[in-house]
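Tertiary structure, described
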Amino acid sequence: LGEYIQKRFKTSDVAFGQLNEHIPWEFQDYILKDKGLAVDTARHYLAILKKICRMAFKEGHAEKRYFVNFKLPQEHRKPPRALTREDFEKIRDVVIPPERVTHNIARDLFLFACYTGVPYADAVSITRENIYKDDKGDLWLKYLRKKNDYQARVKLLPEAIALIEKYRSDEREELFPMIHHPNMRRHMKGLRDLAGISCDLVYHMGRHTFGSLITLEAGVPIETISKMLGHTNLTTTQLYARVTPKKLFEDMDKFIEATSDMKLVL
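Residues numbered from 1 in each chain as written. Predicted model: local features only at pLDDT ≥ 70, side-chain atom pairs only at ≥ 80, totals over all residues. Heavy atoms only, no water.

1. Brief notes about the pairing of strand β3 (residues 151–155)
Here β3 shows one buried face, formed by Ala152 and Val154, and one open face, formed by Gln151, Arg153 and Lys155. Examined bridge by bridge, strand β2 (residues 139–144) and β3 share five bridges and lie antiparallel to one another. From the neighbouring strand, Lys142 faces β3, where its bridge partner is Arg153. Count of turn residues in the β2/β3 antiparallel hairpin: six residues, of which Asp149 carries a positive phi of about 60°. (Buried < 20%, exposed > 50% of the residue type's maximum accessible area, 1.4 Å probe, protein only. Helix = DSSP H or I, 4+ residues; strand = E, 2+ residues; numbered from the N terminus. Pairing = 2+ DSSP bridges.)

This is the structure we're talking about:
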């Protein structure tokens, strides 16, 4: 936006009163044509521009709410990617030499995402204070998501508890050692090669895997999955929790069993 303002107004900053309703269209063309970026990227920057103008009007910095009638370009949402059970087991069982410390930490952080649905930004910041015990003595993870400040809560599976215990340390508050995001991305590529899988492995696939392979295929209702993932609406969860062929067959078997004593009358 700063580059566009410099080009359009020949200055580093403008007052809200200098804006007009053509600005979003011009800014969109600048992003797409001059910068050569994608439509989804343009949508991202335009959404920030609209948000700033909304905040400015609300806080009294602008006399009107600019660009309220400007519609963001349609988002091209790609289907979320989750691991197959075979690929998940390859990553879980792959033997990484102990001297490759950060590779082991990266793999365990990824597995923690598969078992809990916790995204990277939250996985590296949650602490022991985010662990709660219910009346039955079961452990729960509760945290506010950095993305939307919405509470996510998930009952910890034995595998997730084992990972927490593996990295327990009094020398830090966080549950896991820090791996910065660029290094995590690099380690994901190495983990893919070590495990011998063909898909492009990224950390967020662990969250998708939790939403489909770990929970939905185990019969967890999608409404419950939504609460565990910390989604603000069910529509987002429906994209994560894809209905796999295995789930489809199981649900049809349950339906046939439940209706076996019914007679169809034409």
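There's more to say after this.
2. As for empty space enclosed by the protein
Unfilled space is identified by rolling a water-sized probe across the atoms. Within this structure, the stated rule accounts for one cavity of 30 Å³ or more. Each pocket or cavity is described by its volume, and for the largest cavity that value is around 40 Å³. Lining the largest cavity, in full, are Arg128, Ile164, Tyr167, Arg168, Ser169, Arg172, Glu174 and Leu175. Across the lining of the largest cavity, the residue classes tally to three nonpolar, one polar and four charged. (1 Å grid on protein atoms, 1.4 Å probe; cavity = no way out; pocket = protein on both sides within 12 Å on 5 of 7 lines; lining within 4 Å. Points joined across faces, edges and corners; volume = space filled by probe spheres on them. Nonpolar A, V, L, I, M, F, W, Y, C, P; charged D, E, K, R; others polar.)

3. Description of helix α3 (residues 39–58)
Compared with the 28 Å implied by 1.5 Å per residue over 20 residues, the 28 Å span of α3 between its first and last C-alpha is a close match. Structurally, α3 contributes buried residues whose contacts are with α2 (23–34). (Expected span 1.5 Å × (residues − 1). Contact = heavy atoms within 4.5 Å.)

4. Examining the packing of helix α5 (residues 101–116) against helix α8 (residues 181–195)
Between α5 and α8, the least distance of the axes is 9 Å, while the angle of their chain directions is 90°. Looking at the two axes, α5 sits roughly perpendicular to α8. Every residue of α8 that contacts α5 at Thr102, His103, Ala106, Arg107, Leu109 and Phe110 is listed here: Met184, His187, Met188, Leu191 and Leu194. Split by residue class, the contact of α5 with α8 holds seven nonpolar, three polar and one charged. (Axes fitted to C-alpha atoms, helices over the stretch in contact; angles between N-to-C directions. Parallel < 35°, antiparallel > 145°, perpendicular 65-115°, else oblique.)

No statement about biological role is implied by the geometric values presented.
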